[in-house]
Amino acid sequence: MEPLFTPLQVGDIALANRVVMAPLTRNRAPGQVPTALMAEYYRQRAHPATGAGLIVTEATPISPMAHGYLDTPGLHTAEQVAAWKAVTAAVHAEGGRIVTQLWHVGRISHTSLLPGGAAPQSSTTRAARTKTYIAGGFAPVSEPRALATEELPGIVEQYRQAALNAMEAGFDGVEIHAANGYLLEQFLKDSANDRSDAYGGSISNRCRLTLEVTRAITGAIGGGRTGIRLSPITPANDIGQDSDPQALYTHLVAQLAPLGLAYIHVVEGATGGPRDLSDQGVPPFDYAALKALFPGRWMVNNGYTREMALAATASGAADLVAFGKAFIANPDLGRRLREDAPWNALDMKTLYGGGAAGYTDYPAL
């Protein structure tokens with residue numbers, strides 16, 4: 001059997017196969033609380049014979065100030081934790097495994113989404129040139145304020161508490177979202193970090209917050225139930241390019257290596273876009289050099305076809321392959337991959353917001 005379809009131990013989590021459902025924001029949690037419809041959506045994709053070996057939930061804000069899009073489900077209130085229990089129970093009833101992606105959007109937010117109309121929090125006061133999804137549709141993000149040095153231990157504690165909340169909600173683990181231009185990446189990359197304190201300037205300083213968050217979470221729930229997502233050269237959400245991404249991520253992964261993480265999840269290229277950015281002046285990135293530094297499982301993502309996924313897992317270039325939009329349109333993507341069956345087409349109009357249409361009504365084989 002192809003390695004892609006064989007079992008794998010990922011930290012403390014035993015997976016039936018190596019096909020992963022990537023985190024996908026769907027904006028279907030009114031009032032920031034998971035719903036029964038969400039439980040059905042994840043359940044449909046959970047059976048290891050037809051769906052994913054591992055589901056990573058949509059990005060899930062860790063605090064009221066971590067939200068940046070309308071109707072995204074949080075993990076910072078008792079009501080949210082209770083509602084997530086129905087999701088994890090539905091997945092586990094199918095024999096699936098599910099982790100939640102812990103999220104702070106940083107400056108990718110809007111005052112209308114934040115308590116008291118507050119300004120978004122970031123590494124910087126510079127606004128991103130991008131839009132977010134609010135009541136009424138897409139709108140430019142608001143100007144952020146730079147978090148004070150003395151506030152950062154509180155941010156770390158919010159991540160730690162959210163990880164504990166995830167365990168209470170029945171998740172098999174958590175994935176730290178340190179990618180795609182959100183808060184942790186705003187600290188990591190010098191394209192968005194213009195600080196002069198202990199969290200800015202040098203590579204080691206810019207990695208400090210992400211490492212403090214990761215150590216706090218692994219201390220709370222164990223490294224074997226913790227993963228992290230990185231996107232070394234994505235320009236997503238106007239994050240731009242770091243001046244030396246290879247050096248930055250080499251340092252970061254070398255510091256993550258001793259923490260006993262279950263996996264690193266790497267977005268190769270531009271998130272949801274091209275894998276090769278050479279036509280934009282971005283030099284090739286050596287992902288294999290990073291993998292060589294890390295003793296845990298290596299998850300790859302971005303535009304993987306069946307053939308690419310089979311090759312990556314057969315060669316040892318990756319342990320796990322994450323599929324995003326393909327899992328939206330194909331609840332039984334795992335079976336389609338095994339049988340080399342055709343994939344349903346994605347309806348782009350129903351990606352964000354709405355109800356069952358384009359969410360739980362895609363047909364299985």
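Quick look at the structure, then. (Residues numbered from 1 in each chain as written. Predicted model: local features only at pLDDT ≥ 70, side-chain atom pairs only at ≥ 80, totals over all residues. Heavy atoms only, no water.)

Here we take up the overall build of the chain. Looking only at helices and strands, the chain features 10 helices and 14 strands. Dimensions of the chain, computed from the C-alpha atoms along their principal axes, are close to 55 × 45 × 40 Å. Put simply, the chain has 365 residues, and 58% of those count as buried. Taking contacts inside the chain between residues at least 6 apart in sequence as the whole, the part at least 24 apart equals 72%. Carbon and sulfur atoms provide 54% of the accessible area of the chain, an area that totals close to 12700 Å². For the chain, the centre of its 29 positive side-chain charges and the centre of its 33 negative side-chain charges are spaced 2 Å apart. (Helix = DSSP H or I, 4+ residues; strand = E, 2+ residues; numbered from the N terminus. Buried < 20%, exposed > 50% of the residue type's maximum accessible area, 1.4 Å probe, protein only. Contact = heavy atoms within 4.5 Å. Areas by Shrake-Rupley, 256 points an atom, 1.4 Å probe, with all protein chains shown as cover. Lys, Arg positive; Asp, Glu negative; His and termini not counted. Charge placed at Lys NZ, Arg CZ, Asp CG, Glu CD.)

Next up on the list: the nonpolar core. Counting 84 residues, the largest nonpolar core has Y42, L102, I217, I264 and F323 as the members making the most contacts within it. Here L102 is in contact with T60, I62, L75, Y159, A162, A163, V174, E175, I176, H177 and I217, once residues within four sequence places are set aside. Residues V10, L54, V99 and M299 belong to the second largest nonpolar core, which totals 14 residues. (Core = buried A, V, L, I, M, F, W, Y, C linked by side-chain atoms within 4.5 Å.)

The next thing to look at is unusual backbone geometry. We note that N27 has phi near 55°; this positive angle belongs to a residue other than glycine. Looking at the secondary structure, you find N27 in the loop between β3 (19–21) and α1 (36–44). With phi around 60°, N180 is a residue other than glycine that occupies positive phi space. Inspection of the secondary structure assignment puts N180 in the loop between β10 (173–178) and α4 (183–188). Look at N180 and you get buried, because its relative accessible area is 8%.

Another point: helix α5 (residues 203–221). Between its terminal C-alpha atoms α5 stretches 27 Å, which fits the 27 Å expected from 19 residues at 1.5 Å a residue. At L209, α5 shows its largest kink, close to 35°. Listing the buried residues of α5 in full gives N205, R206, C207, L209, T210, L211, V213, T214, A216, I217, T218 and I221. Following α5 by one or two positions, G222 has its phi on the positive side, about 95°. (Expected span 1.5 Å × (residues − 1). Bend = angle between axes of the 7 residues up to and from the residue.)

Turning our eyes to something else, we now look at the layout of surface pockets. Approximately 930 Å³ is the volume attributed to the largest pocket. Lining the largest pocket are 38 residues, with P23, L24, T271, K325 and Y352 positioned closest to its centre. If you list the elements that add at least two residues to the lining of the largest pocket, you get β4 (54–61), β5 (98–103), β7 (131–134), β14 (320–323) and α9 (325–329). The element contributing the most residues to the lining of the largest pocket is α9, with 3 residues. Each residue belonging to the lining of the largest pocket can be placed in one class, and the counts come to 20 nonpolar, 13 polar and 5 charged. (1 Å grid on protein atoms, 1.4 Å probe; cavity = no way out; pocket = protein on both sides within 12 Å on 5 of 7 lines; lining within 4 Å. Points joined across faces, edges and corners; volume = space filled by probe spheres on them. Nonpolar A, V, L, I, M, F, W, Y, C, P; charged D, E, K, R; others polar.)

For E185, the location among the structural elements is in helix α4. Beyond its immediate sequence surroundings of up to four residues, E185 is in contact with A178, A179, N180, S231, T234, I239 and Y249.

Attention now moves to the sheet that holds β14. Pairing is parallel around the closed barrel formed by 8 strands, whose spatial order is β3-β4-β5-β10-β11-β12-β13-β14. Between one strand and the next, the sheet's axes are offset by a mean angle of 25°, whatever the strand orientation. Pairing analysis gives 5 bridges linking strand β12 (residues 263–267) to strand β13 (residues 297–301), with the strands arranged parallel. Bridge pairing in β13 links V266 to V300. In this fold α1 packs onto β3, β4 and β5, with an angle of close to 150° to the strand it touches most, β4. Contacting β5 and β10, helix α3 (residues 152–168) crosses the sheet at an angle of about 160° to β5. (Pairing = 2+ DSSP bridges. Axes fitted to C-alpha atoms, helices over the stretch in contact; angles between N-to-C directions.)

Let us look at the pairing of β4. With 8 of 8 residues buried, β4 lies mostly within the body of the structure. One ladder, built from 2 bridges, connects β3 with β4; its direction is parallel. Each bridged residue has a counterpart across the sheet, and for V20 the counterpart in β4 is L54. Sheet topology note: the β4/β5 ladder contains 5 bridges and is parallel. Looking at β5, one finds that T60 is bridged to L102.

Our focus in this paragraph is the pattern of salt bridges. Scanning the model with the defined rule gives 16 salt bridges in all. Across the pair R206 and D190 runs a salt bridge whose closest N-O atoms are separated by 3.8 Å. Residue R206 is found in helix α5, and its partner D190 is found in the loop between α4 and α5; the two are separated by 16 residues along the sequence. Take R206: its relative accessible area is 4%, and that puts it in the buried class. Overall, D190 belongs to the partly exposed group, its relative accessible area being 26%. Here R206 ties to D242 by a salt bridge, and the two come within 2.9 Å at their closest N and O atoms. Of the two residues, R206 is situated in helix α5 and D242 in the loop between β11 (226–230) and α6 (245–256); the sequence distance between them amounts to 36 residues. Exposure remark for D242: the relative accessible area of 5% places this residue in the buried category. Through salt bridges with shared partners, one network takes in E40, R43 and E94. (Salt bridge = Lys/Arg side-chain N within 4 Å of Asp/Glu carboxyl O.)

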